[in-house]
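Structure assessment
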Amino acid sequence: MKVLVTGATGYIGSHTVVELLDNNYEVVGLDNFSNSKREVVDKIKEITHKDFKFYECDMLNKEALENIFKENEIDAVIDFAAFKAVGESVSKPVEYYINNVSSILTLLSVMKEFNVKKIVFSSSATVYGKPKSVPITEDAEVGGTTNPYGTSKLMVERILKDLYVSDETMDICILRYFNPIGAHSSGLIGEEPNGIPANLMPYIVKVASGKLECLNVFGNDYNTKDGTGVRDYIHVVDLAVGHVKALEKLNKEKQGLFIYNLGTGKGYSVLEIINTFEKVNNVKVNYKIAPRRPGDIDECYSDPSKALKELGFKCEKTLEDMVRDSWNYENK
Ligand code: WQD
C-alpha cells in the first residue's frame, strides 16, 4: 500500500513515516520545510534502513501536487502539513487559515481528480475548546476554540464531514491528538520548534540544557491536583503507531468517517512533568511560578477507550519514556 504523507519531515510526520516504513508500507513524503529540516529525510532512512520517495512541495501548489499523484499510485494520504503554534496563530490568523485550511482544500481536490478515497487527518484536542467535563470522549461538544490554530482544525473537520456527506465512498479518519511529547529512542528525530518553544516539553529541555534560563510555570491556581495545568501527554511514537492503526481501519472498512482521540487517558500536571523529568534524567530544571497564559484551561485529558475498541490502539510508552526520550534527543 502506497501512502502519501504530507508534512513528512515534521515532528509527528517524521515519526509516522518511520512507523509506516517499519510496517512495510510504501511511503511518498512531501514537505515545504516551513517548520522542519531537509536532513530529517536522511535521518528517517538511517533509522529504518529503508528508502522512500520525497518531494519538496508546498501543498498550495496544485500543479506540483498533481505531479506527485501522476508519478505515484497513491492509495491513501496522511495529512500532517499545518502550522501548529497556538500563540503564533493569534498574531497570524490569515497565514494559519491559508496554510491549514486552503492547503487541505487543494489536497482534497487533487485526491478527487485521481480518485484517491482514503485520508487520515491530523486534528487536535483543541477542537473541544474548554471541555465541559473530563475525561473527554469523541462525542463531547466541539467548538469554542480559543485561537485560530484550533479553529483551523475545527474547520477542516467540518470540511471532511461535508465531503463525506457528498461522497460516502470516501474513507476518512480524523485523529484528535492530545499533547504529543518525546522522541524516537534513536535520538535522531524529535521535536525541533523554530525559535523559543511555546510548548512545555521543548521548553523544559532547553532549560535543562542551559540554552534557556528559567521555565515559567503559567499559573499554579488552577482547579487541579497541585494548581498547575493538567494535560494528557502522549509519546510521539505511540501517536505514530495510532496512525498505522488508523490506516488499517480504513483498509478494513472500505468507506466511512471515523473520529478518534489519541491520548493515554491520564492527566499530568506541569509540576509532575518537571519532577519526573528531573528524576529520570538526573538534571535540574529551573522554574518559577508566573501568571496564567491567556487561553489556557485547567485540565484536559482523553477517554481513549474508543480507539482501543475500534482500532485496537493503546499507548505503550510511560511518562518516564517520554521525558527520557525528549532529553536523549536534545543530547544527541
Ligand atoms: C501544556 C501545559 C501550560 C509552556 C497546545 C495546543 C495543542 C498541541 C499542544 C499542537 C499547560 C503549561 C507551557 C510553558 C507552562 N499543539 N506551560 N510553561 O497548550 O496544552 O496544547 O500544544 O498540536 O493543540 O493547544 O500545550 O505544551 O503549550 O502547555 O507552564 O512555558 O504546560 O500552561 O498547562 P497545550 P503546552
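All of the points below concern the structure found in this document. (Residues numbered from 1 in each chain as written. Predicted model: local features only at pLDDT ≥ 70, side-chain atom pairs only at ≥ 80, totals over all residues. Heavy atoms only, no water.)

Let's talk about the overall build of the protein
Helix and strand content of the protein: 11 helices and 14 strands. Here the C-alpha radius of gyration of the protein, 19 Å, is about what a compact globule of 332 residues would show, namely 20 Å. Over its C-alpha atoms, taken along the principal directions, the protein stretches across nearly 55 × 45 × 40 Å. A separation threshold of at least 6 residues defines the contact pool for the protein, and within that pool the share at least 24 residues apart is 79%. Element-wise, carbon and sulfur atoms account for 50% of the exposed surface of the protein, whose accessible area totals about 14500 Å². Each charge sign in the protein was given a centre, from 40 positive and 48 negative side chains, and these centres are 2 Å apart. (Helix = DSSP H or I, 4+ residues; strand = E, 2+ residues; numbered from the N terminus. Rg over C-alpha atoms; globule rule 2.2 N^0.38 Å. Contact = heavy atoms within 4.5 Å. Areas by Shrake-Rupley, 256 points an atom, 1.4 Å probe, with all protein chains shown as cover. Lys, Arg positive; Asp, Glu negative; His and termini not counted. Charge placed at Lys NZ, Arg CZ, Asp CG, Glu CD.)

Looking at the packing of aromatic side chains
The final tally for this structure, using the stated rule, is 5 aromatic pairs. Centre to centre, the rings of Phe-277 and Trp-327 are 5.6 Å apart; their planes meet at 75°, and the pair counts as edge-to-face. Within this pair, whereas Phe-277 is found in helix α9 (residues 270-281), its partner Trp-327 is found in helix α11 (residues 319-331), the two being separated by 50 residues in sequence. The pair Phe-277 / Trp-327 is uniform in exposure class, with both members buried. (Phe/Tyr/Trp six-rings, centres within 6.5 Å; stacked < 30°, edge-to-face > 60°. Buried < 20%, exposed > 50% of the residue type's maximum accessible area, 1.4 Å probe, protein only.)

Quick look at the site of the ligand
Taken together, 19 residues form the shell around the ligand, and within it Ser-124, Leu-200, Asn-216, Arg-231 and Asp-296 come nearest. Between the ligand and the protein, one listed contact pairs an oxygen atom with a backbone N or O atom of Leu-200 at 2.8 Å. Considering every element that reaches the shell around the ligand, the biggest residue donor is strand β8 (residues 215-218), with 4 residues. Partitioning the shell around the ligand into residue classes produces 9 nonpolar, 6 polar and 4 charged. (Near = heavy atom within 4 Å. Polar contact = N/O pair within 3.5 Å; in protein donor to acceptor, adjacent residues only side chain to side chain. Nonpolar A, V, L, I, M, F, W, Y, C, P; charged D, E, K, R; others polar.)

Considering the pairing of strand β4 (residues 76-79)
Across the two faces of β4 the burial is the same, with Ala-76 and Ile-78 and Val-77 and Asp-79 all buried. In terms of strand pairing, strand β1 (residues 2-6) meets β4 through 4 bridges, oriented parallel. Each bridged residue has a counterpart across the sheet, and for Val-3 the counterpart in β4 is Ala-76. As defined by bridge partners, β4 adjoins strand β5 (residues 118-124) across 4 bridges and the pair is classed as parallel. (Pairing = 2+ DSSP bridges.)

A few points about the packing of helix α7 (residues 200-208) against α9
Orientation of α7 relative to α9, taken along the N-to-C sense of each, is 40°, at an axis distance of 11 Å. For the element pair α7 / α9, the angle class is oblique. As α7 packs across α9, the resulting crossing turns out to be right-handed. Along the contact surface, α7 presents Leu-200, Met-201, Ile-204, Val-205 and Ala-208, while α9 presents Val-270, Ile-273, Ile-274 and Phe-277. The residue inventory of the contact of α7 with α9, partitioned by class, reads 9 nonpolar, no polar and no charged. (Axes fitted to C-alpha atoms, helices over the stretch in contact; angles between N-to-C directions. Parallel < 35°, antiparallel > 145°, perpendicular 65-115°, else oblique. Left-handed = near helix turned anticlockwise from the far one by under 90°.)

Some thoughts on the pattern of salt bridges
Within the structure shown, the criterion is met by 20 salt bridges. Between Lys-130 and Asp-298 there is a salt bridge, with its nearest N and O atoms 3.2 Å apart. With a gap of 168 residues between them, Lys-130 in the loop between β5 and α6 (148-166) and Asp-298 in the loop between β13 (287-290) and β14 (299-300) connect regions that are remote in the sequence. If you follow the salt bridges from partner to partner, you end up with Lys-206, Lys-211 and Glu-330 in one network. (Salt bridge = Lys/Arg side-chain N within 4 Å of Asp/Glu carboxyl O.)

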